[in-house]
Amino acid sequence: MNQTKLQNVLSAMEKQGVSQLIVSDPAVIFYLTGARIEPGERMLALLLRTDGAHRFFINDLFRQTRDLGAPITYYNDTQDGVAILAASLTAGKTTAIDKNWPARFLLRLQELFDGRCVNSSPIIDGVRAIKTAEEQEKMRVSSRINDAVMERLIACLGQNHTEKELGEILLKLYLDEGCSGFSFEPITAFAGNAADPHHVPDNSRGKRGDCVVLDIGGVKDDYCSDMTRTVFLGEVSARAREIYEVVLEANRRGIAAAKPGNRMRDVDDAARNYITEKGFGPYFTHRTGHSIGLEVHEAGDVSAVNDALIRPGQCFSVEPGIYIPEENIGVRIEDLVLITESGCEVL
C-alpha cells in the first residue's frame, strides 16, 4: 500500500474516533494499493485498523499475484464472506463502512456484529480530495491531452458528422493521444440538443448558425480530464453571442473565487449570481462543478449547499451554463482548477 496515503487515512480515522474501517470501493482500493480488483457481485473488503492489523478479504476468483501491503484472507462461494470479515472486527467498537457497500453485505454484518456502524466515506473522501504532487502532475498531463483532443475535435465540425459519429471520432483521438479511453460518455450536442445539459448523442447533424456543446474527457495513466467548450457553426447570432459572453464571464468569476479560504459554495455563488444578474438565472439548472481525480465525479461538489472550505491540492470543475430549449440554444464552458496555496491553476 502507498504508505503516505494509508497514514493520511489512519490519521483521519483517529481524529474521528474510529479504530476500524471497511473499504469496499474498488476505486479507493486502487487509490491505496495501485491494484485494480473488480469483484462483480462478490464481496471485496479491505479492513483498516488504527492498531495496524490491516487485512484484505477477497473471493478466491480474484487471487492476487502482487503484494498488496496487507495479509489476504480468501473465501470461496460456499463460504459466508461477511461472517469471516466480522470475525476480524473488535466487538463494541465503532466501524466505519463505505457508503457504496451493497446493502446485502451491510445488513448481514449488522446481524453479526455487536457495534455501531457509521459512514466511512467522509474520512476517505477527505483524504482523496487533496491530491499528492504525483497526482497533481498526472491531472495536468491528462488535461493537456484533453486540450489537444478538443482542438482536433472542433476541427472536425465542418465535416457534417452526426453527434454519434463525433463520439466515435473522439474515441480514436483519445487513443491516438495515449489515453485508455473516455473518463465519461461524451456529450456532443447540436442546437436544441445543447439545451439539454445531459443530452445523449443521437444522429442529429448541425446546420449553419447552430451552437455545439462539446463536453469531453479522457483517462491518462488512471487520471481523468473533463472540459466543455461551446462553439458555433459558421456564424453566431447576436442573441447567442450575448448568452455565450454571459457564460464565459460567469466561468471566469467562478475561477477567480476558487482559492483557499473560500467555500465551495462561494465558487457557485460567483458564477450563479452573475448569470442571475444578467437575467438568465432560471436557465442555469445545475451545480457549478464537481471534484475530479481517479474518478470523473468525486466527492465534494461546487454547489450552493456545500460550505466546505477550499484547500490547496483540491481539483474540481467550474462549469456554468445557460440552457434555453425554446430558443434551441445551450451554452456551457467548463474548466478544471487545481487549488494552489494562493489561488488556483487552470488545467
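As a reminder, the structure under discussion sits directly above these lines.
Small disclaimer: the values here were computed from a predicted structure and weren't measured.

Student: Please set out the overall build of the protein chain residue by residue, giving values where relevant.
Tutor: Broken down by element type, the protein chain carries 9 helices and 19 strands. Principal-axis analysis of the C-alpha atoms gives the protein chain an extent of 70 × 40 × 35 Å. Expressed as a percentage of the 347 residues in the protein chain, the buried residues total 51%. Look at the contacts in the protein chain between residues 6 or more apart in sequence, and 64% of them connect residues 24 or more apart.

Student: Break down unusual backbone geometry for me, with residues and values.
Tutor: Excluding glycine, most residues fall at negative phi; most peptide bonds, likewise, are trans. Although it is not a glycine, Asn160 adopts a positive phi angle of roughly 65 degrees. For Asn160, the position within the fold is in the loop between α6 (133-154) and α7 (163-176). In this structure, Asp222 is a non-glycine residue whose phi angle is positive, near 80 degrees. Tracing the sequence through the fold places Asp222 in the loop between β10 (218-220) and β11 (223-224).

Student: For the pattern of salt bridges, give the residues involved together with the corresponding values.
Tutor: Following the criterion strictly, the structure yields 32 salt bridges and no others. Ionic pairing is found between Arg239 and Glu242, a salt bridge with its closest N-O pair at 3.4 Å. Residue Arg239 and its partner Glu242 are both found in helix α8 (residues 238-257); the two are separated by 3 residues, about one turn of the helix. You can call Arg239 partly exposed: its relative accessible area is 34%. Accessibility expressed as a relative area gives 38% for Glu242, which makes it partly exposed. A salt bridge links Arg287 to Asp301, with the nearest nitrogen and oxygen atoms 3.7 Å apart. Note that Arg287 is positioned in the loop between α9 (264-277) and β13 (289-291) and Asp301 in strand β14 (residues 298-302), a separation of 14 residues in sequence. Using a relative accessible area of 34% as the deciding quantity, one classes Arg287 as partly exposed.

Student: Could you give me a rundown of the packing of helix α2 (residues 26-33) against helix α5 (residues 121-129), with the residues and numbers involved?
Tutor: Relative orientation of the contacting elements α2 and α5 amounts to 50 degrees, with a least axis distance of 12 Å. By the angle class used here, α2 and α5 are oblique. The two elements α2 and α5 cross, and the hand of that crossing is left-handed. Of the residues in α5, those in contact with Ala27, Val28 and Tyr31 of α2 are Ile124, Val127 and Arg128. Of the residues belonging to the contact of α2 with α5, the class tally is 5 nonpolar, no polar and 1 charged.

Student: Break down the sheet that holds strand β8 (residues 187-190) for me, with residues and values.
Tutor: As summarised here, the arrangement of the 3 strands in space is β8-β9-β12, forming an open sheet in which the pairing is antiparallel. Whereas interior strands pair on both sides, the edge strands pair on one side only; in this sheet they are β8 and β12 (227-232). The sheet shows a mean angle of 10 degrees between the axes of neighbouring strands, direction not considered. Pairing between strand β9 (residues 211-216) and β12: 6 bridges, direction antiparallel. When the sheet's bridge partners are listed, Val212 is paired in β12 with Val231. Across the sheet, α7 is in contact with β8 and β9; its angle to β8 comes to roughly 145 degrees.

Student: Break down helix α1 (residues 3-16) for me, with residues and values.
Tutor: The terminal C-alpha atoms of α1, which comprises 14 residues, lie 20 Å apart, in line with the 20 Å expected from a rise of 1.5 Å per residue. Along α1, the residues that are buried comprise Lys5, Leu6, Val9, Leu10, Ala12 and Met13. Seen from one end, α1 has its buried residues packed into an arc of 160 degrees, which puts them on one side. Facing away from the buried side of α1 by over 90 degrees, the exposed positions are Gln3, Thr4, Glu14 and Lys15. At the C-terminal side of α1, Gly17 shows a positive phi close to 70 degrees.

The rules we used
Residues numbered from 1 in each chain as written. Predicted model: local features only at pLDDT ≥ 70, side-chain atom pairs only at ≥ 80, totals over all residues. Heavy atoms only, no water. Helix = DSSP H or I, 4+ residues; strand = E, 2+ residues; numbered from the N terminus. Buried < 20%, exposed > 50% of the residue type's maximum accessible area, 1.4 Å probe, protein only. Contact = heavy atoms within 4.5 Å. Salt bridge = Lys/Arg side-chain N within 4 Å of Asp/Glu carboxyl O. Axes fitted to C-alpha atoms, helices over the stretch in contact; angles between N-to-C directions. Parallel < 35°, antiparallel > 145°, perpendicular 65-115°, else oblique. Left-handed = near helix turned anticlockwise from the far one by under 90°. Nonpolar A, V, L, I, M, F, W, Y, C, P; charged D, E, K, R; others polar. Pairing = 2+ DSSP bridges. Expected span 1.5 Å × (residues − 1). Arc of directions from axis to C-beta.

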